[in-house]
Amino acid sequence: MKKFVAFAAALCMAVSLAACGSAPSSSAPAANTDSSDTTTSTPASQIAELEGAVTTGGSTSVEKVILAMQESFMNANPGVDVTYDPTGSGAGITGASEGTLDIGLSSRALKEDETGLVGTTFALDGIAIIVNNENTVTDLSLEQIKGLADGTITNWSEVGGPDAPVVLIGREAGSGTRDGFESIVGVEDVCVYDQELTSTGAVIAAVAANPNAFGYASLSAVDEKVKAVTVDGVEATEATVQDGSYKVQRPFVFVTKEGAELSDAAQAFIDFALSEDAHQLIIDAGAVPLA
């Protein structure tokens with residue numbers, strides 16, 4: 001009887017040890033499977049989020065467009081800080097050349113002597129010919145605009161307006177808007193300016209304050225304070241700029257240093273601006289997206 005009890009006890013102990021020894025082998029695969037599933041489900045966007053600062057600056061004419069794209073891009077990429085310094089096209093081109101800006105902003109195409117740089121057009125803009133709201137002139141030909149700018153025409157009555165002297169208000173030397181206006185109209189270095197101002201907004205305000213004034217401004221910046229005249233019968237609109245029927249137009253350009261590698265954040269901002277995702281933002285800002 002004692003032998004039987006001892007045998008039974010030994011048998012129970014063996015069964016218990018076997019059961020305990022099998023537990024790890026049955027639970028290990030489950031733990032490995034869970035770990036594998038967690039790794040696989042991690043979104044790629046969380047692994048490689050964009051981070052860093054992107055410095056842009058230059059043309060004041062692109063302000064509405066750049067600020068709209070800046071806000072949208074940073075909302076989608078909270079780790080990126082895009083800044084914009086409105087200093088004029090000339091300063092934007094210089095900043096890109098000297099490396100003080102990641103992206104220079106110009107409201108004109110690069111010139112032949114502006115070497116070592118890459119210009120990338122991201123939108124188009126009409127240059128509106130603006131007059132005071134009291135001026136009765138509603139349409140001007142390119143030839144008449146040339147005469148008003150170079151001093152050949154000195155009185156508004158010569159183009160169907162009131163008997164009053166012509167006052168030309170424009171931008172400072174180096175401005176992309178000025179360069180675009182003068183090159184398109186054919187009055188480089190011969191304009192007779194009464195005032196030369198340093199921003200698009202200042203030109204609009206000055207024309208709004210003087211009944212005899214006329215000037216030029218980015219289509220995206222024109223508001224009810226002034227009147228934009230038609231040019232050779234064509235109104236400055238997004239459609240007429242895109243189809244080329246409005247003659248006084250120019251590109252909005254990103255300027256980068258040739259051969260210099262952009263940061264991932266700066267390249268992503270340029271890619272966004274050139275994508276269809278930015279088209280409506282450009283339109284809402286008063287400019288024209290590329291077709």
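The following paragraphs examine the structure supplied in this document. (Residues numbered from 1 in each chain as written. Predicted model: local features only at pLDDT ≥ 70, side-chain atom pairs only at ≥ 80, totals over all residues. Heavy atoms only, no water.)

### Points about the environment of Lys 247
Here is step 1: Within the secondary structure layout, Lys 247 lies in the loop between α8 (238-242) and β11 (249-257).
Here is step 2: Considered as a pair, Lys 247 and Ala 236 are 11 residues apart in the sequence and their alpha carbons are 8.8 Å apart.
Here is step 3: Excluding its chain neighbours within four sequence positions, the residues that come into contact with Lys 247 are Leu 142, Ile 184 and Asp 232. (Helix = DSSP H or I, 4+ residues; strand = E, 2+ residues; numbered from the N terminus. Contact = heavy atoms within 4.5 Å.)

### With respect to helix α5 (residues 142-150)
Here is step 1: Turning to α5, its buried residues are Ile 145, Gly 147, Leu 148 and Ala 149.
Here is step 2: Residues of α5 that are buried in the fold lie against β4 (117-131), β5 (139-140), β6 (167-171), α6 (176-185), β8 (213-218) and β10 (230-231).
Here is step 3: Just downstream of α5 lies Gly 151, where phi reads positive at about 90 degrees. (Buried < 20%, exposed > 50% of the residue type's maximum accessible area, 1.4 Å probe, protein only.)

### Here's the deal with helix α9 (residues 264-274)
Here is step 1: Listing the buried residues of α9 in full gives Ala 265, Ala 266, Phe 269, Ile 270, Phe 272 and Ala 273. Each buried residue of α9 sits inside an arc of 160 degrees when the element is viewed along its axis, so together they form one side. (Arc of directions from axis to C-beta.)

### Examining the packing of helix α3 (residues 63-76) against α9
Here is step 1: Contact geometry for α3 and α9: axes closest at 11 Å, N-to-C directions at 120 degrees. Taken together, α3 and α9 sit at an angle that is classed as oblique. The two elements α3 and α9 meet at a crossing, and its hand is right-handed. Contact with α3, carried on its side by Met 69, Gln 70, Ser 72 and Phe 73, involves Ala 265, Ala 268, Phe 269, Phe 272 and Ala 273 of α9 and no other residues of that element. (Axes fitted to C-alpha atoms, helices over the stretch in contact; angles between N-to-C directions. Parallel < 35°, antiparallel > 145°, perpendicular 65-115°, else oblique. Left-handed = near helix turned anticlockwise from the far one by under 90°.)

### Here we look at the nonpolar core
Here is step 1: By size, the foremost hydrophobic cluster in this structure holds 30 residues, and its most contacted members are Ile 129, Leu 140, Trp 156, Phe 181 and Phe 214.
Here is step 2: For this core, the secondary structure elements donating two or more residues are β4, α5, α6 and β8.
Here is step 3: Counting residues per element, this core draws most heavily on β4, at four residues.
Here is step 4: Apart from residues lying up to four places away in sequence, Ile 129 is in contact with Leu 140, Ile 145, Phe 181, Phe 214, Gly 215, Tyr 216, Lys 227, Ala 228, Val 229, Val 231 and Tyr 246. (Core = buried A, V, L, I, M, F, W, Y, C linked by side-chain atoms within 4.5 Å.)

### Concerning the pairing of β4
Here is step 1: Along β4, 11 of the 15 residues are buried, which leaves the element largely enclosed by surrounding structure.
Here is step 2: With nine bridges joining them, β4 and β11 adopt antiparallel strand pairing. The partner of Thr 120 across the bridge, within β11, is Phe 254.
Here is step 3: Sheet topology note: the β4/β8 ladder contains five bridges and is antiparallel. Across the sheet, residue Ile 129 finds its bridge partner in β8, namely Tyr 216.
Here is step 4: Note: β4 against strand β9 (residues 227-228), two bridges, orientation antiparallel. Residue pairing in the sheet places Ile 130 in a bridge with Ala 228 of β9. (Pairing = 2+ DSSP bridges.)

### Observations concerning the pattern of salt bridges
Here is step 1: This structure, assessed with the given rule, holds eight salt bridges.
Here is step 2: Notably, a salt bridge pairs Asp 125 with Arg 250, separated by 2.9 Å at the nearest N-O pair. With Asp 125 in strand β4 and Arg 250 in strand β11, the pair connects residues that are 125 residues apart, well separated along the chain. Here Asp 125 and Arg 250 have matching classes, each one buried.
Here is step 3: Asp 223 is paired through a salt bridge with Lys 225; the nearest N and O atoms lie 2.9 Å apart.
Here is step 4: We classify Asp 223 as partly exposed; its relative accessible area is 26%.
Here is step 5: A cluster of three or more residues bridged by salt bridges with shared partners is formed by Arg 178, Glu 182 and Glu 196. (Salt bridge = Lys/Arg side-chain N within 4 Å of Asp/Glu carboxyl O.)

### Digging into the side chain of Thr 256
Here is step 1: Residue position: Thr 256 is located in strand β11.
Here is step 2: Residue classification places Thr 256 among the buried positions, given a relative accessible area of 12%.
Here is step 3: When residues no more than four places from it in sequence are discounted, the contact partners of Thr 256 are Ala 96, Asp 102, Leu 117, Val 118, Leu 262 and Ile 270.

Keep in mind that these numbers describe shape and distance, not what the molecule does.
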